[in-house]
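Given next are the chains, with one letter for each unit.
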Amino acid sequence: DKTLKVWDVETGKCLATLEGHSDSVMGVAVFPDGRRVVSCDGENYGDKPGVVKVWDAATGECLATLEGHSGGVRSVAVFPDGRRVVSASEDNTLKVWDVATGECVATLEGHSGGVRSVAVFPDGRRVVSGSLDNTLKVW
């Protein structure tokens, strides 16, 4: 339904519904402070550009919309300092975003297929990505 929901796991109650994506939500991650979440959208196997959104988890307010991929965005991860996020896309790239400015600070190219997953190492110095090209890459 193109939304995110914040749940209280003890009560099973929905605390907030975050609305604003125009395509299916494909990935979500929580910031270390627990107050914000990041999500991504995109069509399945589509060429329509996906977006990344940063949200206030308590209010449901969209704090930033990060655009720049040429394909759907499949996965997102947050750096341990909470200042950057990384997105993985069907356009075969990953992008690192500065959350405060909304700017793409790096584009990681090297996969020959859509990038389906991304994670940040605990020290924040490297990321790992998994792609339809049957490889994992450490950046």
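Preceding this paragraph is the structure being described.
The following paragraphs examine the structure supplied in this document. (Residues numbered from 1 in each chain as written. Predicted model: local features only at pLDDT ≥ 70, side-chain atom pairs only at ≥ 80, totals over all residues. Heavy atoms only, no water.)

1. Regarding the nonpolar core
Right, on to step 1. Counting residues in hydrophobic clusters, the biggest one holds 14 residues, and the most contacted among them are F31, V38, V52, V54, L66, V76 and V85.
Right, on to step 2. Sorting the residues of this core by element identifies β4 (36-41), β5 (51-56), β6 (62-67) and β7 (73-78) as the ones contributing at least two each.
Right, on to step 3. Ranked by residues supplied to this core, first place goes to β7 with 3 residues.
Right, on to step 4. Ignoring anything within four residues of it in the chain, the contact list for V76 reads G27, V28, A29, V38, S39, C40, V52, V86, S87 and V118.
Right, on to step 5. Ranked by size, the runner-up nonpolar core spans 11 residues in total, among them F79, V96, V115 and V127. (Core = buried A, V, L, I, M, F, W, Y, C linked by side-chain atoms within 4.5 Å. Buried < 20%, exposed > 50% of the residue type's maximum accessible area, 1.4 Å probe, protein only. Helix = DSSP H or I, 4+ residues; strand = E, 2+ residues; numbered from the N terminus. Contact = heavy atoms within 4.5 Å.)

2. A look at the packing of aromatic side chains
Right, on to step 1. Tallied over the full model, the rule gives 0 aromatic pairs.
Right, on to step 2. Against the face of F79 rests R84, its NZ or CZ located 4.0 Å from the ring centre.
Right, on to step 3. One residue, R126, lies across the ring of F121, its end atom 4.0 Å from the ring centre. (Phe/Tyr/Trp six-rings, centres within 6.5 Å; stacked < 30°, edge-to-face > 60°. Lys NZ or Arg CZ within 6 Å of the ring centre and 35° of its normal.)

3. Describing the sheet that holds strand β9 (residues 93-98)
Working definition: the strands of a sheet are paired by backbone hydrogen bonds and lie parallel or antiparallel to each other.
Right, on to step 1. Strands sit in the order β7-β8-β9-β10 across an open sheet of 4 strands; the sheet is antiparallel. Strands with a single pairing partner mark the edges of an open sheet, and in this sheet they are β7 and β10 (104-109). Geometrically, the sheet is characterised by an average inter-axis angle of 20 degrees between neighbouring strands, direction not taken into account.
Right, on to step 2. Relative to β10, β9 runs antiparallel, the two sharing 5 bridges. Paired with K95 across the two strands is T107, which belongs to β10. (Pairing = 2+ DSSP bridges. Axes fitted to C-alpha atoms, helices over the stretch in contact; angles between N-to-C directions.)

4. Description of unusual backbone geometry
The bulk of non-glycine residues show a negative phi, and the bulk of peptide bonds are trans.
Right, on to step 1. One non-glycine residue, K2, lies in the positive phi region at around 65 degrees.
Right, on to step 2. If you trace the backbone, K2 turns up in the segment before β1 (3-7).
Right, on to step 3. Residue K2 is classed as partly exposed on the basis of its relative accessible area of 39%.
Right, on to step 4. The phi angle at N92 is positive, at roughly 75 degrees, despite the residue not being glycine.

5. Observations regarding the pairing of β1
Right, on to step 1. Across 5 bridges, the pairing between β1 and strand β2 (residues 14-19) is antiparallel. Residue pairing in the sheet places L4 in a bridge with L18 of β2.
Right, on to step 2. Taking the residues between adjacent antiparallel strands as the criterion, β1 and β2 are bridged by 6 residues, where G12 takes a positive phi near 75 degrees.

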